Amino acid sequence: FAEFSNSGVDCPMRPGPLGVRHEDGLLVSEVSVFLQGERLGSLRIGQELQELRQTLLQQVTLALAVFVAGFLVSLLVAWLLQRAITGPLLKLANVARQVTETGQYQLRVDAAGKDEVGRLIADFNRMLGQVERSDQEAQTAHDALLLEVDEKTAALHQLHAAQDKLVQSEKMAVLGTLVAGVAHEVNTPVGVGVSAASTLQEFTPQLRRQFESGRLGRSQL
């Protein structure tokens with residue numbers, strides 16, 4: 001009935017099956033044509049796939065380019081975020097771990113700007129400063145307490161030594177009084193004995209001479 005070709009492809013003499021199909025490198029769509037319920041014939045539309053392939057290739061290339069560009073942009077954003085957020089947070093976590101393990105409260109995290117992360121690091125550094133001051137005060141109080149304990153211990157030792165000396169002095173005083181009393185009690189009979197011995201020593205030669213001469217009598221004794 002009619003034919004129009006834009007690519008030099010001839011229309012077949014007979015219609016093919018209805019529907020959409022691939023045919024000799026073409027995408028063919030064939031439908032029936034009706035007029036007032038009477039089928040007049042069929043309409044065949046053919047499209048070369050080369051142009052569609054080029055369009056699809058362009059779209060795929062564009063999609064890949066967009067994907068690669070998005071991936072590069074995401075890498076750049078991730079790198080910037082790492083420098084701005086992740087890096088300072090990792091430093092903060094590292095310093096916190098070192099403080100926990102070693103107890104070195106003088107450690108600090110490097111400042112990271114004036115954003116939220118920077119304020120967090122500044123607050124963390126201030127907290128470390130307060131803890132460091134409290135630790136120093138506690139250490140000073142501990143040292144002062146140890147010094148006071150040492151001083152009181154030394155004073156207690158001195159007190160015990162003085163007490164021992166006092167007890168020893170009291171013992172010596174009591175012992176001296178006892179020795180003086182004993183000496184006084186002993187001196188009296190000893191003195192009498194000494195006097196008697198002296199008297200006997202004086203009269204013994206005279207009595208011996210009288211005894212030897214035979215002049216010693218009862219009355220003389």
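Our subject is the structure that appears above.
Presented here is a report on the structure given in the accompanying data block. (Residues numbered from 1 in each chain as written. Predicted model: local features only at pLDDT ≥ 70, side-chain atom pairs only at ≥ 80, totals over all residues. Heavy atoms only, no water.)

Here we take up the overall build of the protein chain. Along the protein chain, the regular secondary structure elements total 2 helices and 3 strands. Each helix (α) and strand (β) of the protein chain, taken in turn from the N terminus, gives the series β-β-β-α-α. Expressed as a percentage of the 221 residues in the protein chain, the buried residues total 9%. For the protein chain, the share of sequence-separated contacts (at least 6 apart) that also reach a separation of at least 24 residues comes to 27%. By element, 62% of the accessible surface of the protein chain is carried by carbon and sulfur atoms, the whole surface being about 18,400 Å². (Helix = DSSP H or I, 4+ residues; strand = E, 2+ residues; numbered from the N terminus. Buried < 20%, exposed > 50% of the residue type's maximum accessible area, 1.4 Å probe, protein only. Contact = heavy atoms within 4.5 Å. Areas by Shrake-Rupley, 256 points an atom, 1.4 Å probe, with all protein chains shown as cover.)

Now for the sheet that holds strand S3 (residues 38–48). As summarised here, the arrangement of the 3 strands in space is S1-S2-S3, forming an open sheet in which the pairing is antiparallel. What marks the edges here is a single partner per strand, and that holds for strand S1 (19–23) and S3. Within the sheet, the average angular offset between the axes of one strand and its neighbour, ignoring direction, is 25 degrees. Where strand S2 (residues 26–35) and S3 come together, 10 bridges link them in antiparallel fashion. Bridge assignment links Glu30 to a residue of S3, and that residue is Arg44. (Pairing = 2+ DSSP bridges. Axes fitted to C-alpha atoms, helices over the stretch in contact; angles between N-to-C directions.)

So, about the nonpolar core. Counting residues in hydrophobic clusters, the biggest one holds 8 residues: Leu92, Val95, Val99, Val109, Val117, Ile121, Phe124 and Leu128. Looking at this core, the elements that each hand over two or more residues are helix H1 (49–102) and helix H2 (116–213). At 4 residues, the largest contribution of residues to this core is made by H2. (Core = buried A, V, L, I, M, F, W, Y, C linked by side-chain atoms within 4.5 Å.)

Taken together, the side chains of Met172, Leu175, Leu178, Val179, Val182, Val186, Val190 and Val194 define a hydrophobic patch exposed on the protein surface, amounting to about 700 Å² of accessible area. Note that Leu178 resides in helix H2. (Patch = residues over 30% accessible without salt bridge, like charges linked within 9 Å, V, L, I, M, F, W, Y side chains within 5 Å. Salt bridge = Lys/Arg side-chain N within 4 Å of Asp/Glu carboxyl O.)

Within the chain, Gln36 stands out as a residue other than glycine whose phi angle is a positive 55 degrees. Mapped onto the secondary structure, Gln36 falls in the loop between S2 and S3.

On to the side chain of Asn125. Structurally, Asn125 is set in helix H2. Of the residues examined, Asn125 reaches a relative accessible area of 16% and is grouped as buried. Not counting residues up to four positions away in its chain, the partners in contact with Asn125 are Arg108 and Val109.

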